[in-house]
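In case you want the letters, here they are:
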Amino acid sequence: MEEKLMKLTNSGLELKDMIEKAIHDCVITTSEYEEILKVANKDGHVDDHEQRLLSQLQALIANGTIERTKG
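Note that the coordinates shown come from a computational prediction; the quantities given were computed from them, not determined experimentally.

Q: Tell me about the overall build of the protein, residues and numbers included.
A: Along its length, the protein carries three helices and two strands. Taken from N to C terminus, the helices and strands of the protein fall in the order α-β-α-α-β. Taken over the C-alpha atoms alone, the protein extends approximately 45 × 25 × 15 Å along its principal axes. Per-residue burial for the protein yields a buried fraction of 30% across its 71 residues. Across the protein, every contact between residues at least 6 apart in sequence was considered, and the portion connecting residues at least 24 apart equals 74%. Total accessible area on the protein stands at roughly 5200 Å², and carbon and sulfur atoms take up 54% of it. With 9 positive and 14 negative side-chain charges, the protein shows a spacing of 3 Å between the two charge centroids.

Okay, structure coming up:
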C-alpha cells in the first residue's frame, strides 16, 4: 500500500512552530491566534498540513489545553 506523503511548506513549518509555542505556554493571545491564521493564509492557500495543524489547534483550545486570552 502506497502512503501519500504530505508536502511541508515554509508557511506550514512556521505555523507548526507557532502552535508548538502556544502548546508550551498553554495559552494563546488573540493577536497570536490572528498571526497564526495570517501565516496559514499567507500564500493564498491552506494546504493539508496547515489545515491539520489548525484543526489540532482548535481542538486544543476547545478542550481547554490551550487557553485563549486577550492581547
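Additional details are given in the paragraphs that follow.
Q: Give me the lowdown on the pattern of salt bridges, citing residues and values where you can.
A: Counted under the stated rule, the structure contains four salt bridges. Among the salt bridges present, the one from E20 reaches K16, with a minimum N-O distance of 3.0 Å. Placement of the pair is E20 and K16 together in helix 1 (residues 10-25), with a separation of four residues, close to one helical turn. In this structure, E32 and K21 form a salt bridge, with 3.4 Å as the shortest nitrogen-oxygen distance. Residue E32 is found in helix 2 (residues 30-40), and its partner K21 is found in helix 1; the two are separated by eleven residues along the sequence. Beyond isolated ion pairs, a larger network of salt bridges with shared partners links K21, D25 and E32.

Criteria and thresholds
Residues numbered from 1 in each chain as written. Predicted model: local features only at pLDDT ≥ 70, side-chain atom pairs only at ≥ 80, totals over all residues. Heavy atoms only, no water. Helix = DSSP H or I, 4+ residues; strand = E, 2+ residues; numbered from the N terminus. Buried < 20%, exposed > 50% of the residue type's maximum accessible area, 1.4 Å probe, protein only. Contact = heavy atoms within 4.5 Å. Areas by Shrake-Rupley, 256 points an atom, 1.4 Å probe, with all protein chains shown as cover. Lys, Arg positive; Asp, Glu negative; His and termini not counted. Charge placed at Lys NZ, Arg CZ, Asp CG, Glu CD. Salt bridge = Lys/Arg side-chain N within 4 Å of Asp/Glu carboxyl O.

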